[in-house]
Protein chains: 2
Amino acid sequence: MTKTLTRIQQRNRSAILDAGLEVFSQYGFRGSTLDQIAEAAGLSKPNLLYYFPSKEAVHTALLERLLENWLAPLQALDPTGDPIQEILGYAQRKLALSRDYPRESRLFANEILQGAPRIHNILRGDLKTMVDDKAAIISGWAEEGQIADIDPHHLIFSIWAFTQHYADFDVQVRAVLGDKPPYDGAAVFLETLYEKLLTP
Amino acid sequence: MTKTLTRIQQRNRSAILDAGLEVFSQYGFRGSTLDQIAEAAGLSKPNLLYYFPSKEAVHTALLERLLENWLAPLQALDPTGDPIQEILGYAQRKLALSRDYPRESRLFANEILQGAPRIHNILRGDLKTMVDDKAAIISGWAEEGQIADIDPHHLIFSIWAFTQHYADFDVQVRAVLGDKPPYDGAAVFLETLYEKLLTP
DNA sequence: TCTTGGTTTGACCAGTTGGTCAAATCAACG
DNA sequence: CGTTGATTTGACCAACTGGTCAAACCAAGA
């Protein structure tokens, strides 16, 4: 049913979402204008509103698409795998996400900075449930002595913080590093950091 | 000269700055309105504009005040002190800054997220200079074998990322942690993390 | 070709925005 | 008290905001 979209509809809807991602991720919801998004999408404002009923609708569509991809890497943490490799793998996957989808990262950052008005219930619901679940796995590993004894929630926070920093604070990171590319050094550092932290 | 300020001027200017901090840190520059700031300051909009010539001026004043306090903790890193204690101390000081001045942290985050249009030159100038300076000190410690051999720039990034995460992503952190207070656990985790990382 | 339904747009609207200004109010000092 | 300069405000403005709508345009099948 939902699949009944013209080629034009597909092209324009995805152009709008891409433009919305570009604009919202930079200025936040209230700081972005429909004219800006329309121009970035190569459409007139009324034409944009022919595909999405409102500014809010574009933003919501983006957030929904984002959350799917955002929670996936943590979900993939495997309780039967090698503990240190599982956590290291998760961190590297998250870093790659920042490298390859920095605008999505900044869209998320903007939403959280503004108090997460649109996704607060998801944070307290799905996200908390999943994090608590994975934290329990990590705690289990710690009790078995497979990894060092650390607080699993703050471990996860540290991974989020460090990896997202390279997308959200990109301009600062590049200003400080000068010409050096950020992500190679970051991946190496990440590896060292968590290997040393987690080795019992 | 600049000190010739009435009691009223002092009170209102600081009320405006506080209100501006509150509003700008939540909605970013473009997402904030003068009416919002004026109301938060308990003034009428024309009255606010009697003390600051424009919205931009309020924002600039806030950023300037912020940058002073923001760069101070890193500046305090002492090359003659005990390496691990110096770095640990810096990290803890930065975490305390997030705890005690979360709005300032979010104001900064908003500015960087939007591409740092107003402070880009400072990032490439003063900030980069100071970070390179401190990075050299840390590299020196590493060469002497006093701390483990890690990339000093990414070490500093990781401290920024982790500590600011608790202010900037406050709503997410609290959603995940539920009732537990964030900062106690964070301080303990921070201590463990960098002690393990830096011990040679 | 004509028709039909999806697509695009110019003109428009009411509400909001940053900012101005002259007039009114207030505080304090002689 | 009266005066003077700082302070406050209501009324106002042009530009911009999200959103509407009828009319025009266009692609494609009959």
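Computed from a predicted structure; not experimentally measured.

Q: Honestly, the overall build of chain A in this entry has me stumped. Any pointers?
A: Along the backbone of chain A there are 10 helices and zero strands. In chain A, the succession of helices and strands from N to C terminus is α-α-α-α-α-α-α-α-α-α. Seen through its principal axes, chain A has C-alpha atoms that stretch 60 × 45 × 30 Å. Relative to its 200 residues, chain A shows a buried fraction of 52%. For chain A, contacts bridging at least 24 residues in sequence account for 69% of all contacts bridging at least 6.

Q: Hey, could you run me through the protein's contact with DNA strand D in this one?
A: The full set close to DNA strand D counts 18 residues, and A:Leu34, A:Lys45, A:Lys55, B:Gln9 and B:Tyr51 are the nearest of them. The sugar-phosphate share of atoms of DNA strand D within 4 Å of the protein amounts to 61%. Here a phosphate oxygen of DNA strand D and a backbone polar atom of A:Ser32 are 3.2 Å apart. Taking B:Asn12, its side chain carries an N or O atom lying 2.9 Å from a phosphate oxygen of DNA strand D. The set of elements that each furnish at least two residues to the surface near DNA strand D consists of helix H2 (34–41) and helix H3 (45–51) of chain A together with helix H1 (7–31) and helix H3 (45–51) of chain B. At four residues, H3(B) tops the list of elements feeding residues into the surface near DNA strand D. Class assignment for the residues of the surface near DNA strand D results in seven nonpolar, eight polar and three charged.

Q: What should I look at first to understand the relation of the copies chain A and chain B in this one?
A: One chain copy maps onto the other through a rotation about an axis and a shift parallel to that axis. With an axial shift of 0.0 Å and an RMSD of 0.1 Å, the rotation relating chain A to chain B amounts to 180°. Here the transformation between the copies is reduced to the relation of a two-fold axis. Every residue of chain A has its C-alpha some distance from the rotation axis, and the shortest such distance is that of A:Gly31, at 2.0 Å. Mapped onto chain B, 98% of the interface residues of chain A are again interface residues, and the two copies thus contact each other with one and the same surface.

Q: Can you walk me through the packing of H1(B) against helix H2 (residues 34–41) of chain B in this structure?
A: Residue and element names in this part refer to chain B. Running from amino to carboxyl end, H1 crosses H2 at an angle of 150°, the nearest separation of the two axes being 8 Å. One way to sum up the angle between H1 and H2 is to call them roughly antiparallel. Remark: the crossing between H1 and H2 carries right-handed chirality. The residues of H2 that touch H1, namely those facing Ala-15, Ile-16, Ala-19, Gly-20, Val-23, Phe-24, Tyr-27 and Gly-31, are Gln-36, Ile-37, Ala-40 and Ala-41. Grouping the amino acids of the contact of H1 with H2 by side-chain chemistry returns nine nonpolar, three polar and no charged.

Q: Explanation requested: the interface of chain A and chain B in the structure shown.
A: One widely used convention gives an interface's size as the accessible area the parts lose upon coming together. With 58 residues of chain A at the interface, the matching set in chain B holds 57 residues. Roughly 5,000 Å² of surface becomes buried between chain A and chain B when both sides are summed, with 69% attributable to carbon and sulfur atoms. Counting across the interface, chain A meets chain B through zero salt bridges. For the interface between chain A and chain B, the tally reads 12 residue pairs in polar contact (both at pLDDT 80 or more). A per-element tally of the side of chain A that touches chain B places helix H8 (residues 152–168) of chain A first, with 12 residues. Among the residues making up the side of chain A that touches chain B, the classes are represented as 29 nonpolar, 20 polar and nine charged.

Q: Would you mind going over the protein's contact with DNA strand C with me for this structure?
A: Residues in close proximity to DNA strand C total 17 residues, the closest being A:Gln9, A:Tyr51, B:Leu34, B:Lys45 and B:Lys55. The contact atoms of DNA strand C, taken as those within 4 Å of the protein, divide so that sugar and phosphate hold 60%. Contact distances for DNA strand C include 3.2 Å between a sugar or linking oxygen and a side-chain N or O atom of A:Asn47. B:Lys45 places a side-chain nitrogen or oxygen 2.8 Å from a base nitrogen of DNA strand C. Secondary-structure elements contributing two or more residues to the surface near DNA strand C are helix H1 (7–31) and H3 of chain A together with H3 of chain B. By residue class, the composition of the surface near DNA strand C is seven nonpolar, eight polar and two charged.

Q: How should I be thinking about the pattern of salt bridges in this particular structure?
A: Any two side chains of opposite charge can pair if their charged atoms end up close together. All names here are of chain A. If you walk through the whole model with that rule in mind, you get 16 salt bridges over all chains. A salt bridge links Glu-111 to Arg-118, with the nearest nitrogen and oxygen atoms 3.6 Å apart. Ionic pairing is found between Lys-128 and Asp-132, a salt bridge with its closest N-O pair at 2.9 Å. On the criterion of helical spacing, the pair formed by Lys-128 and Asp-132 is a turn pair, its members being four residues apart in helix H7 (residues 120–143). Looking at Lys-128, the relative accessible area reads 23%, which means it is partly exposed. A residue is classified by how much of its surface remains accessible, and Asp-132, at 28% relative accessible area, is partly exposed. Salt bridges linked by common partners bring Asp-18, Glu-22 and Arg-103 together as one network.

Criteria and cut-off values
Residues numbered from 1 in each chain as written. Chains lettered and ligands numbered in written order. Predicted model: local features only at pLDDT ≥ 70, side-chain atom pairs only at ≥ 80, totals over all residues. Heavy atoms only, no water. Helix = DSSP H or I, 4+ residues; strand = E, 2+ residues; numbered from the N terminus. Buried < 20%, exposed > 50% of the residue type's maximum accessible area, 1.4 Å probe, protein only. Contact = heavy atoms within 4.5 Å. Near = heavy atom within 4 Å. Polar contact = N/O pair within 3.5 Å; in protein donor to acceptor, adjacent residues only side chain to side chain. Nonpolar A, V, L, I, M, F, W, Y, C, P; charged D, E, K, R; others polar. Least-squares fit on C-alpha atoms with pLDDT ≥ 70 in both. Axes fitted to C-alpha atoms, helices over the stretch in contact; angles between N-to-C directions. Parallel < 35°, antiparallel > 145°, perpendicular 65-115°, else oblique. Left-handed = near helix turned anticlockwise from the far one by under 90°. Buried area = accessible area lost by both parts, 1.4 Å probe. Salt bridge = Lys/Arg side-chain N within 4 Å of Asp/Glu carboxyl O.

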